[in-house]
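Notes for the structure review
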Amino acid sequence: MDLINLSATELKRKILNKEISSKEVVECYLNRIEEVEDKIDAFITLNKDEALKAAEEVDRKIQNGEEVGMLSGIPIAIKDNISTKGLKTTCGSKMLENYIPPYDATVIENIRKEDGIIIGKTNMDEFAMGSSTETSYFKTTKNPYNLNKVPGGSSGGSAAAVAACDVPLALGSETGGSIRQPSSFCGVVGIKPTYGLVSRYGVVSYASSLDQVGPFAKNVEDAALLLNVLAGYDKRDSTSIFREKVDYIKGLTEDIKGMKIGLPKEYFTECVDEKVKEKVLEAVEVLKDLGAEVEEISLPYTEYALACYYIIANGEASSNLSRFDGVNFGYRSAEYSNLEELYKNSRSEGFGEEVKRRIMVGTYVLSSGYYDAYYRKAQEVRTLIKNDFDKTFEKYDIILAPTSPILPFNIGEKIDDPLAMYMSDILTVSVNLAGACALSVPCGYVDGLPVGLQIIGNEFEEEKILRLAYNYEKNRGIDMKIPSLRSEENGL
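Residues numbered from 1 in each chain as written. Predicted model: local features only at pLDDT ≥ 70, side-chain atom pairs only at ≥ 80, totals over all residues. Heavy atoms only, no water.

To keep it simple, the criterion reads: UniProt positions are given in the numbering used here, feature names are shortened, and annotations may be inferred rather than shown by experiment.
The chain is annotated in an unreviewed UniProt entry as Glutamyl-tRNA(Gln) amidotransferase subunit A from Anaerosalibacter bizertensis. As recorded by UniProt, the Catalytic activity (unreviewed entry) comment attached to the chain reads in full: "L-glutamyl-tRNA(Gln) + L-glutamine + ATP + H2O = L-glutaminyl-tRNA(Gln) + L-glutamate + ADP + phosphate + H(+)". As recorded by UniProt, the Function (unreviewed entry) comment attached to the chain reads in full: "Allows the formation of correctly charged Gln-tRNA(Gln) through the transamidation of misacylated Glu-tRNA(Gln) in organisms which lack glutaminyl-tRNA synthetase. The reaction takes place in the presence of glutamine and ATP through an activated gamma-phospho-Glu-tRNA(Gln)."

Put into structure tokens, the structure is as follows:
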């Protein structure tokens, strides 16, 4: 049986029915990682021995008739900015190259409690700052559909691991599109939950008012399964919001007749590749055939979203990353003669170029004389962007758009042009600024490369976006391809 091609839900059923063991599943995926990792470079650290021990414990429970959790021995990869007790958490940076956390993040506690198996930590843009996974201190992850292309970022390692069948499920984090954009580039499903739905406790902060953890999966049902485990109130996270528990799988099969969908004209401009636009509009026709009502709408403050995002995110990053000073946290330079030199040398040597760039910008916009002109103004614009969404959701259930304006680009193509790199986030950052929920689901291929359909919902309406995505997935009529792991120009 070729286990790596099965969904997490199918694996769970077979494990519970004793058709296969959790240990067999984990061994299968570890073998797959060993087979393809030198091509993909998705992982920074593997957790082989502990994963096998955890799988044996799940199998013991099942054999003894004990109750097992929702994840029932399923292997999961974890983005390397999420704290895992006893397992390195590097944030893709020299600054934390050898850091081993003494505790688990809440989302990791939840996964372990539900008998999920932590198989390893995935590569990422350094401190989650990037859109291609090229700013990692350790390696550059490749897109499984074409090894010359980037997988997106900053959660590119997690997205690539799921796409390459290294794992059935993975965790990522998102500040301005870092789950959805790599999901689009790698042809997988990725969810950015509502801000406050999933605990951030134990997640290394980039921009605290924007960051959220979310799942990657092969399909919508698997993503909903993992979201069931992640979502929930956590008193240790001051931004966590108490809500009644929801089963996100339960409502997937309900139809979408009469669901009102808005297509924002600002998300279909000339900045969007025509072939990407064509695939998204084909998806719209599928949804119309299923009974959804679709209209063009306007989100007028969209044009200010990217500038607003990078001011706020970099301002918060400059504050959050000030703790890495060579004294309390992280890398310490060997060359210094006084405290000031220790700070300067440790940060200069420990951080990469993109992180230093964003700290400098963030420090500038928060500095005396510029705070009101930049950071405060950006927060005012953020309110206007959120108001756009609030007004739209008074009339519409869903906002639909491309996830990325472009197809996966070549490794090295944009790394020296920060503004071009930042533009790849233009269709995703508004959701983070508004605190809404969204997901990306594959909607076809262009030249052998995946295209993502972005489904945006109001705050805490994950059930709606998942239901729409599930209905689309079941009726899209697209033959989803397994990546070839080749480096030819068109990948397949």
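1. Some remarks on the side chain of serine 136
The following threshold applies: Helix and strand definitions here come from DSSP, where helices need a minimum of 4 consecutive H or I residues and strands a minimum of 2 consecutive E residues; each element is numbered from the N-terminal end. Contacts described as polar in this section are N or O atom pairs within 3.5 Å, which, within protein, must combine one atom able to donate a hydrogen with one able to accept it, while residues neighboring in sequence count only if both atoms come from side chains. Note on definitions: a residue-residue contact is assigned when non-hydrogen atoms from the two residues lie within 4.5 Å.
Position of serine 136 among the secondary structure elements: in the loop between β3 (117-122) and α5 (156-163). At 2.7 Å, the side chain of serine 136 and the side chain of asparagine 123 are in polar contact. Contact partners of serine 136, with chain neighbours within four places excluded, come to Gly92, Asn123, Met124, Asp125 and Glu126.

2. Quick look at unusual backbone geometry
Residue glycine 153 is joined to serine 154 through a cis peptide bond whose omega torsion reads 5 degrees. Tracing the sequence through the fold places serine 154 in the loop between β3 and α5. Despite not being glycine, cysteine 91 shows a phi value in the positive range, around 55 degrees. Relative to the helices and strands, cysteine 91 resides in the loop between β2 (75-79) and α4 (106-113). In this model, cysteine 165 sits at a positive phi of 65 degrees, which is unusual for a non-glycine residue. Structurally, cysteine 165 is set in the loop between α5 and β4 (169-174).

3. Concerning α4
Heads up, the rule is: The buried label goes to any residue with under 20% of its type's maximum accessible area, the exposed label to any with over 50%, and the partly exposed label to all in between, with areas taken from a 1.4 Å probe on protein chains only.
What α4 keeps buried is the set Thr106, Val107, Ile108, Asn110 and Ile111. In the core, the buried residues of α4 are packed alongside β2, β3, β4, β6 (212-217) and α7 (220-230). Downstream of α4 by one or two residues, aspartate 115 has phi in the positive range, about 65 degrees.

4. Brief notes about the pattern of salt bridges
Our working rule: Salt bridge, as applied in this entry: a Lys or Arg side-chain nitrogen positioned within 4 Å of an Asp or Glu carboxyl oxygen.
If you walk through the whole model with that rule in mind, you get 30 salt bridges. Across the pair glutamate 19 and lysine 14 runs a salt bridge, and its minimum N-O distance is 3.1 Å. Close ionic contact of aspartate 397 with lysine 464 constitutes a salt bridge, the shortest N to O distance being 2.8 Å. Of the two residues, aspartate 397 sits in the loop between α12 (371-395) and β9 (398-402) while lysine 464 sits in helix α15 (residues 462-475), which places them 67 residues apart along the sequence. Look at the salt bridges and you will find they share partners, linking Glu57, Arg60 and Glu66 into a network.

5. Some details on the state of the cysteines
As a reminder of what qualifies: We call a pair of cysteine sulfur atoms a disulfide whenever their separation is within 2.5 Å.
Scanning the model with the defined rule gives 0 disulfides in all. Left without a disulfide partner, cysteine 271 is nearest to the cysteine sulfur of cysteine 443, which lies 16 Å away. Exposure remark for cysteine 271: the relative accessible area of 31% places this residue in the partly exposed category.

6. Considerations on the UniProt feature "active site" (unreviewed entry) in the chain
Going by this rule: Site definitions follow a grid-based scheme: protein atoms alone, a 1 Å grid, a 1.4 Å probe that fits but cannot get out for cavities, and for pockets an open set with protein on both sides within 12 Å along at least five of seven lines, plus lining residues having an atom within 4 Å of a point.
Summarizing the sequence annotation, UniProt attributes the feature "active site" (unreviewed entry) to Lys79, Ser154 and Ser178 in the numbering used throughout. For the residues just named, distributed over 100 residues, the greatest C-alpha separation is only 11.0 Å, placing them together at one site. Taken from the residues named earlier, the lining of the second largest cavity is made up of Ser178. Secondary-structure assignment places lysine 79 in strand β2. The buried category is assigned to lysine 79, whose relative accessible area is 0%. When near neighbours in sequence (up to four residues on either side) are disregarded, lysine 79 contacts Lys121, Thr122, Met124, Ala128, Ser154, Ser155, Ser158, Leu171, Gly172, Ser173 and Ser178. Structurally, the position occupied by serine 178 is in the loop between β4 and α6 (180-186). Polar side-chain contacts of serine 178 include one of 3.0 Å to the backbone nitrogen of serine 154.

7. Quick notes on the sheet that holds strand β8 (residues 293-297)
Stated formally: By this definition, two strands are paired if DSSP reports at least two bridges between them. Every axis corresponds to a line fitted to the C-alpha atoms, with the helix fit spanning only the stretch in contact, and the corresponding angles, defined between N-to-C directions, vary from 0 to 180 degrees.
Here 11 strands make up an open sheet; going across it, the order is β1-β3-β2-β4-β6-β5-β10-β11-β9-β7-β8 and the pairing mixed. On the outer flanks of this sheet lie β1 (43-46) and β8, each paired with one strand and no other. Within this sheet the neighbouring strands show an average axis-to-axis angle of 30 degrees, counted without direction. Looking at chain direction, β2 and β3 are connected through 5 bridges and run parallel. Bridging from a neighbouring strand, isoleucine 76 pairs with isoleucine 118 of β3. Set on the sheet, helix α8 (residues 274-289) makes contact with β7 (260-264), β8, β9, β10 (437-446) and β11 (449-457); between it and β10 the angle comes to about 110 degrees.

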